[in-house]
Amino acid sequence: MSTALPVVRARWCDIGRIADLVAEALAPTALAAWLVPDTSRRLPVLAAVARIWTEHALLFGDAFLLPDGSAATVWFHRYRPIPSPHRYADRLAGAAGPDGDRFRRLGAELAARRPAEPHNNLALLAAPRGGAPQALSAAQRRMDTLSLPTYAHPCAGAQEEELLRRLGYAERETFAAPDGTPVRSLWRSAPFHAGGSDRWRSRRAARRERDDRAAGWAAR
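Residues numbered from 1 in each chain as written. Predicted model: local features only at pLDDT ≥ 70, side-chain atom pairs only at ≥ 80, totals over all residues. Heavy atoms only, no water.

J.: Now, about the nonpolar core: what can you tell me, with residues and values included?
T.: Counting residues in each nonpolar core, the largest one holds 22 residues, and the members touching the most others are L35, L46, V49 and F103. With five residues, the top contributor of residues to this core is helix α3 (residues 39-60). The residues contacting L35, other than those within four sequence positions of it, are L46, D99, R102, F103 and L106. (Core = buried A, V, L, I, M, F, W, Y, C linked by side-chain atoms within 4.5 Å. Buried < 20%, exposed > 50% of the residue type's maximum accessible area, 1.4 Å probe, protein only. Helix = DSSP H or I, 4+ residues; strand = E, 2+ residues; numbered from the N terminus. Contact = heavy atoms within 4.5 Å.)

J.: Pulling in residues and values, what's your account of the layout of surface pockets?
T.: The computed volume of the largest pocket comes to approximately 950 Å³. The wall of the largest pocket is formed by 44 residues, among which W53, G107, L110, A123 and H153 lie closest to the centre. Counting only elements with at least two residues in the lining of the largest pocket, the list comes to α1 (15-26), α2 (30-35), α3, β3 (72-78), α5 (100-113) and β4 (119-126). Sort the elements by how many residues they give to the lining of the largest pocket and β4 lands first, with seven residues. The residue makeup of the lining of the largest pocket, split by class, is 32 nonpolar, seven polar and five charged. (1 Å grid on protein atoms, 1.4 Å probe; cavity = no way out; pocket = protein on both sides within 12 Å on 5 of 7 lines; lining within 4 Å. Points joined across faces, edges and corners; volume = space filled by probe spheres on them. Nonpolar A, V, L, I, M, F, W, Y, C, P; charged D, E, K, R; others polar.)

J.: So what's going on with the packing of aromatic side chains? Which residues, and what values?
T.: For the coordinates displayed, the defined rule picks out three aromatic pairs. Ring geometry for W53 and F76: centres 6.1 Å apart, planes at 90 degrees, overall edge-to-face. Of this pair, W53 sits in helix α3 while F76 sits in strand β3; the two residues are 23 residues apart in sequence, bridging distant segments of the chain. What makes W53 partly exposed here is its relative accessible area of 25%. (Phe/Tyr/Trp six-rings, centres within 6.5 Å; stacked < 30°, edge-to-face > 60°.)

J.: Hey, could you go over the pairing of β4 for me, with residue numbers and the actual values?
T.: Extensive coverage of β4 is indicated by the burial of seven of its eight residues. Pairing of β3 with β4 involves seven bridges; the strand directions are antiparallel. What sits directly across from A72, in β4, is A126. Sheet topology places β4 next to strand β5 (residues 150-152); three bridges connect them, and they run parallel. The residue of β5 that forms the bridge with N120 is T150. For the handedness criterion, the β-α-β arrangement of β4, helix α6 (residues 132-144) and β5 is classed as right-handed. (Pairing = 2+ DSSP bridges. Right-handed = clockwise from strand over helix to strand, strands pointing away.)

J.: Describe in detail α3, supporting the description with residues and values.
T.: Taking 1.5 Å of rise per residue, the 22 residues of α3 would be expected to cover 32 Å, and the 32 Å separating its terminal C-alpha atoms lies within 8% of that figure. Listing the buried residues of α3 in full gives R42, V45, L46, A47, V49, A50, I52, T54, E55, H56 and A57. (Expected span 1.5 Å × (residues − 1).)

J.: Give me the lowdown on the sheet that holds strand β7 (residues 182-188), citing residues and values where you can.
T.: Read across the sheet, seven strands follow the order β1-β2-β3-β4-β5-β7-β6 without closing on themselves; strand pairing throughout is mixed. The strands lining the two open edges of the sheet, one partner per strand, are β1 (8-9) and β6 (170-176). Packed on one face of the sheet, α3 meets β2 (61-65), β3 and β4 and runs near 50 degrees to β3. Against the sheet, α6 contacts β1, β2, β3, β4, β5 and β7, and its axis sits at roughly 25 degrees relative to β3. (Axes fitted to C-alpha atoms, helices over the stretch in contact; angles between N-to-C directions.)

J.: So what about α1? Which residues, and what values?
T.: Here α1 contains twelve residues, and its C-alpha end-to-end distance of 17 Å stays within 8% of the 16 Å for a straight helix at 1.5 Å per residue. Looking only at α1, the buried set comprises I15, I18, A19, L21, V22, A23 and A25. Buried positions along α1 lie against α3, β2, β3 and β4.

This is the structure:
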């Protein structure tokens, strides 16, 4: 029996909590040090920028929390083009100040690498004090109900990447973030597509065969 905790869909009142989790998870990374070189400003700036994107995800995607609020995932539903956050340039300037250009450069690089085909994008995984396996696996099950591939570019280190690979993600490409940090983009095929499609087709074929036999018997 699975011991994974279920996740709950985030509400507007959870945005601040998620932003703080994201900031705490990213702060120790080399990428965060490049984004916000001033260590005294790093946490508040990361949280302020994460808040912008978490708000946007609640409009154009989903965010999930473990019930105790210790870990979160933030997703975008990219089955069609979505706009930038409302007044993003102004809000980013207010949130990041002199570091805003670094966030813009990172965003442009990630956008340029984003797959064109419809998918759900895992934008942020935040579990600074544990709970990442439970948070991600439960959220992934929710995403799988939409029958779309999922895409991620883990920025929080090797542990996050390894977790994604255990859930069936495979490397799509490796590219350099603006600070030179290598970033691997990962792709997970949709349920009932790729690896799962043979089983799905087999089940459907078996059902058709049973239905055909039943129809033939009834006609006798």
